[in-house]
Amino acid sequence: MFIKRELYYIKNSKVESPKSAFIQALIARGGRDLKEFIFLLSKGVSLKEALKSIPNIEDILSPKDSLETVFPWDKINIGVKKEYLWREWKRALRLEFTAFCNTKKCKICGAC
């Protein structure tokens, strides 16, 4: 695996398989609509077959381009403003970096 080979010098690093990373991303972004999917996987059904039980998989993996999208974790208030996270998501899509926080000066995200 290319990434694993290139990061060999970083001690204690672990590179997940693409399949494992995909399942983790799906579960992290999904909600109750994944109940049947998780149940099928637990019963030994193949990933390909279990994925057929998710009618809105495109919406889960690639939500609409809107700040109004409601995510399962929106119920949890970690102090960071959703608007800030949305701007960071847009920056990431443009491959733009964000400077590290200076917690004494910066109040942009809302957590500090």
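Just above sits the structure.
So, here is what we can say about the structure in this document. (Residues numbered from 1 in each chain as written. Predicted model: local features only at pLDDT ≥ 70, side-chain atom pairs only at ≥ 80, totals over all residues. Heavy atoms only, no water.)

### Description of the nonpolar core
Taken as a class, soluble globular proteins show a tendency for nonpolar side chains to be buried jointly. Membership of the largest hydrophobic core is limited to 10 residues, which are Ile23, Leu26, Leu34, Phe37, Leu40, Leu47, Ala50, Ile54, Ile57 and Ile60. Sorting the residues of this core by element identifies helix 2 (18-29), helix 3 (35-42), helix 4 (47-51) and helix 5 (57-61) as the ones contributing at least two each. In this view, Phe37 contacts Leu26, Leu47, Ala50, Leu51, Ser53 and Ile54; residues no more than four positions away in its chain are not counted. (Core = buried A, V, L, I, M, F, W, Y, C linked by side-chain atoms within 4.5 Å. Buried < 20%, exposed > 50% of the residue type's maximum accessible area, 1.4 Å probe, protein only. Helix = DSSP H or I, 4+ residues; strand = E, 2+ residues; numbered from the N terminus. Contact = heavy atoms within 4.5 Å.)

### Looking at the layout of surface pockets
Taken as a whole, the largest pocket spans an internal volume of roughly 520 Å³. Phe71, Trp73, Lys82, Leu85 and Trp86 are the residues nearest the centre of the largest pocket, which is lined by 20 residues in total. When residues of the lining of the largest pocket are assigned to their parent elements, the largest contribution, 5 residues, is made by helix 6 (residues 82-93). (1 Å grid on protein atoms, 1.4 Å probe; cavity = no way out; pocket = protein on both sides within 12 Å on 5 of 7 lines; lining within 4 Å. Points joined across faces, edges and corners; volume = space filled by probe spheres on them.)

### Observations concerning a nonpolar patch on the surface
On the surface, Tyr8, Tyr9 and Ile10 cluster together to form a nonpolar patch covering roughly 400 Å² of accessible area. Secondary-structure assignment places Ile10 in the loop between helix 1 (2-6) and helix 2. (Patch = residues over 30% accessible without salt bridge, like charges linked within 9 Å, V, L, I, M, F, W, Y side chains within 5 Å. Areas by Shrake-Rupley, 256 points an atom, 1.4 Å probe, with all protein chains shown as cover. Salt bridge = Lys/Arg side-chain N within 4 Å of Asp/Glu carboxyl O.)

### Some points on the pattern of salt bridges
Following the criterion strictly, the structure yields 5 salt bridges and no others. One salt bridge in this structure joins Lys82 and Asp74, with 2.7 Å as the shortest N-O distance. With relative accessibility at 26%, the residue Lys82 sits in the partly exposed group. Asp74 sits in the partly exposed class, given a relative accessible area of 31%. What you see here is one network of salt bridges that share partners, running through Glu88, Arg91, Arg94 and Glu96.

### Brief notes about helix 6
Compared with the 16 Å implied by 1.5 Å per residue over 12 residues, the 17 Å span of helix 6 between its first and last C-alpha is a close match. Just past helix 6, the residue Leu95 takes up positive phi, approximately 60 degrees. (Expected span 1.5 Å × (residues − 1).)

### Description of unusual backbone geometry
Even without a glycine there, the phi angle at Leu95 is positive, about 60 degrees. Here Leu95 lies in the segment after helix 6. The class of Leu95 is exposed, set by a relative accessible area of 74%.

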